[in-house]
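# Summary of structural features
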Amino acid sequence: MSSAAEQEAVEAVSNAVEAVRSGHAAPVPQIDGRPQERPKERPEERTNGQFRGQVVRVQSRPGAPVWPGSSHPLGARFHHGPDGTAGTNFALWAQGAEAVEVCLFDETGAETRCALTEHTHEIWHGFVPGVRPGQRYGFRVHGRWDPWTGARYNPAKLLLDPYARAVDGDFTLPPEVYAHVRDWPQQYIADTVRDDRDSAPFVPKGVVVHDDDDWADDVRPKTPWADSVIYELHVRGFTMRHPGIPEELRGTYAGLAHPAAIEHLTSLGVTAVELLPVHQFAHEDHLLRRGLRNYWGYNSVGYFAPHAGYSSSGTAGQQVGEFKRMVRALHAAGIEVILDVVYNHTAEAGELGPTLSLRGIDNRGYYRLQSDQRRYSDYTGCGNTLHAGRPHVLRLITDSLRYWVTEMGVDGFRFDLAAALARSMHDVDMLSPFLAVIAQDPVLRRVKLIAEPWDVGSGGYQVGAFPPLWTEWNDRYRDAVRDFWRGALPDVRDLGYRLSGSSDLYAWGGRRPYASVNFVTAHDGFTLRDLVTYERKHNEGNGEANRDGTNDNRSWNCGAEGESDDPRIGVLRRRQLRNLLTTLLLSTGVPMLVAGDEFGRTQDGNNNAYCQDNETGWVDWSLLEDPAWRSLLALASRLIALRHAHPVLRRRAFFSGRSQGADGLRDLAWFTPAGAEMTERDWYAPSAALGMYLSGRDIPGRDERGRQVTDDSFLALLHTGDRPLEWVLPGAPWAEVYEVVLDTSLEEQSDPPRTRHRGGQPLVVPARSVLLLKVAG
């Protein structure tokens, strides 16, 4: 080591010791780039385990010893002990901990610490007599502070129980909730400097909840996958501006359960709501510093607790009952409840993130760490990744899933970044422990399972790869439909696959067409209206200089960026909306709509409104005062009703494309505007038009009574060109006569003219439109 380097090392150690004396925890000094032993703190310079002399009221619990209790179930469970004494059993998995305390808080914030001395199979547990439902609590976990090996124990930080059924309070993320000194001047080592200030006054607490609801009065809709129409919505955003919902219920579970909200869902005809995250979540520090909040909720911290911010009835456990009443009300209306769940990462982020729960309980046990165990493996883009290949992490996830099914009444889940959960050591593995556990679980294998089949890591794009039982968000459907209607597809091969169920992706291993969840828009990206209004994202309101959000929008603004007073542009945009909705709801697979798209909701070009908990992100119900948007809603309702009425539009098996009879009629056929069946050359040729014939005569499968399923036959003509097109309708054996059922060139669709046209004769298809014709003879 050079003399200069020696002097620098001496100064580093000297500065570290001085920092301790002045009340700051010390960094780990580095000599020749290697971490050295951290200077020891002097006990007399700390007050009650606190930093800078802050004192918290800590009491013993006289007359209430902690009994051994049980290591099962995990979390806090109220019950009566062996001699009939009422109390709560606490159990926490913390493999590497040296000691664990459960901390109880009264109404004034006074804390009582109870040591859990029993240790069974890496679970710390104890029964505390007298603790009843409504009790607020957290854990303190003692152990080594050695970030260089992934150990980040800090008993000064109150930790949320991963199994807490309810959470009381907000995550505001002041410096005290970080296990390291968040504002340490040298940020590159800040995560190694332990902060010994008490976080208890600044963090939410778990709440003991007792609930013996057996759901005996609830009837689950159990809608078959093929018959499903999914409606993605945000509990708060869907209800905040609804004029029919009382103001005190807006933004809450009770608001979504209100008859005014449910009436819209039932009149539209959807069969399931897919709720953006309702697990307890926290707001990111960078948002709070900009005066924003995490609106979408993809930042979970409590996998058993309904997000308290959506409760109108209270947060001391009342949110649990309110959520259940919402589920019951939706079930009574025939609507299933699917939760968008985020088990791939948590709100604790990377090494510079807050310590809220799992990091302080057992950082190395819960998270994927790099070979440098100070750092996290990040397959999510959110700073950390849960290690779903480990038994205790799998237990946390599956216990949570079963809880939401059996005790909260939900009907299925959409897994955010599901590929991250399916990773074994590093690569995505369709035989991974997570997928294997789900496949054999007697509860979970019976509910709806939807994968977002990608993550942000290497090899993370897995569309079409998930095993049977799973359906997938099909982004290839989204891209093909968007590209077709903006005139960007080089040919129609990809569109043909997407319209007919994406057999190229899903016709293997016993999977069915409903493995494809078809969508044109989702919460992430442009709304449907913005898709035809903007070609560039306009995310300035997010405070990130418009750098956030995708640039690959595949949108077309119809000739002007943003809202326009030009009536011709307005007419064209509304027609494009009708084309996109019609294509989605006529396609084979499971369609998913986004709340408000059916009547022209806009985010003013923001394609990443995750932090817009305001009018930008909320559904604007005043749009229905405009006849133009009411007519779009009427079209969406009519298309969904058409889908429900015709099994040929919601097939349970893939098309064969083969002749099913002597007349040569096939279950699926494709036509050019010349009226001829498409050849191999036609599929590769540039084209702005595609005709799809669906035969209702040859639907595989039988109904519940064993009868063959038959239906009407339809011909759909899709034309994205900017001029009308003469199309020769296929004649015999396909049809003698056709009847127009739907024409997207018309503004009003409630009662379209039922014009009839003969097979073999030309029909003029308007520019940029879809015509749906039914075989009438």
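Above this text you will find the structure in question.
Below or above, wherever it landed, is the structure these notes cover. (Residues numbered from 1 in each chain as written. Predicted model: local features only at pLDDT ≥ 70, side-chain atom pairs only at ≥ 80, totals over all residues. Heavy atoms only, no water.)

## Considering the nonpolar core
- Residues Phe90, Phe238, Leu275, Phe323, Leu339, Phe413 and Phe415 are the most contacted members of the largest nonpolar core, which totals 172 residues.
- If we ignore the near neighbours within four places in the chain, the residues touching Phe413 are Ile338, Leu339, Val341, Leu401, Trp404, Val405, Leu444, Val447, Lys448, Leu449 and Ile450. (Core = buried A, V, L, I, M, F, W, Y, C linked by side-chain atoms within 4.5 Å. Buried < 20%, exposed > 50% of the residue type's maximum accessible area, 1.4 Å probe, protein only. Contact = heavy atoms within 4.5 Å.)

## Concerning the sheet that holds strand 30 (residues 756–758)
- Strands sit in the order 25-26-27-32-29-30 across an open sheet of 6 strands; the sheet is antiparallel. The two strands at the open ends of the sheet, each matched to only one other strand, are strand 25 (668–671) and strand 30. Averaged over all pairs of adjacent strands, the angle between strand axes in this sheet comes to 25°, irrespective of strand direction.
- Bridge count between strand 26 (residues 689–694) and strand 27 (residues 714–719): 6 bridges; the pairing is antiparallel. (Pairing = 2+ DSSP bridges. Helix = DSSP H or I, 4+ residues; strand = E, 2+ residues; numbered from the N terminus. Axes fitted to C-alpha atoms, helices over the stretch in contact; angles between N-to-C directions.)

## Considering the packing of aromatic side chains
- Going through the model one piece at a time under the given rule, you end up with 32 aromatic pairs.
- For the pair Phe599 and Trp621, a centre-to-centre distance of 5.2 Å together with 40° between the ring planes defines the contact as tilted. With Phe599 in the loop between strand 24 (590–594) and helix 16 (627–645) and Trp621 in the loop between strand 24 and helix 16, the pair connects residues that are 22 residues apart, well separated along the chain.
- By relative accessible area, Trp621 is classed as buried at 6%.
- Ring pairs connect the aromatic residues Tyr163, Tyr253, Phe281, Phe304, Tyr310, Phe323, Tyr403 and Trp404, which therefore count as one cluster.
- The ring of Trp215 has Arg328 lying over it, and the distance from NZ or CZ to the ring centre is 4.2 Å.
- Over the aromatic face of Phe655 sits the side chain of Arg651, whose NZ or CZ is 4.0 Å from the ring centroid. (Phe/Tyr/Trp six-rings, centres within 6.5 Å; stacked < 30°, edge-to-face > 60°. Lys NZ or Arg CZ within 6 Å of the ring centre and 35° of its normal.)

## Section: the sheet that holds strand 9 (residues 123–129)
- The 4 strands are arranged 4-5-9-8 in an open sheet whose pairing can be described as antiparallel. Looking along the sheet, the strands with just one partner apiece sit at the ends: strand 4 (75–80) and strand 8 (118–120). On average, each strand axis in the sheet is tilted by 25° relative to the strand beside it, whichever way the strands run.
- Note that strand 4 and strand 5 (residues 86–93) share 6 bridges and pair antiparallel. Each bridged residue has a counterpart across the sheet, and for Gly75 the counterpart in strand 5 is Ala91.

## Section: the packing of helix 7 (residues 358–366) against helix 8 (residues 391–406)
- Running from N to C, helix 7 and helix 8 point in directions that differ by 125°, and their axes come no closer than 10 Å. When the interaxial angle is binned, helix 7 and helix 8 end up oblique. Contacts between helix 7 and helix 8 involve Leu358, Gly365 and Tyr366 from the first element and His392, Val393 and Leu396 from the second.
- A class-by-class count of the residues in the contact of helix 7 with helix 8 yields 4 nonpolar, 2 polar and no charged. (Parallel < 35°, antiparallel > 145°, perpendicular 65-115°, else oblique. Nonpolar A, V, L, I, M, F, W, Y, C, P; charged D, E, K, R; others polar.)

## A few points about the packing of helix 15 (residues 567–586) against helix 16
- At a minimum axis separation of 10 Å, helix 15 and helix 16 run at an interaxial angle of 15°. On the basis of the axis angle, helix 15 is roughly parallel to helix 16. With respect to the hand of their crossing, helix 15 and helix 16 are arranged in right-handed fashion. Touching Arg574, Leu577, Arg578, Leu581, Thr582, Leu584, Leu585 and Leu586 of helix 15 are Ala628, Trp629, Leu632, Leu635, Ala636, Leu639, Ile640, Leu642 and Arg643, all from helix 16.
- Per-class residue counts for the contact of helix 15 with helix 16 are 13 nonpolar, 1 polar and 3 charged. (Left-handed = near helix turned anticlockwise from the far one by under 90°.)

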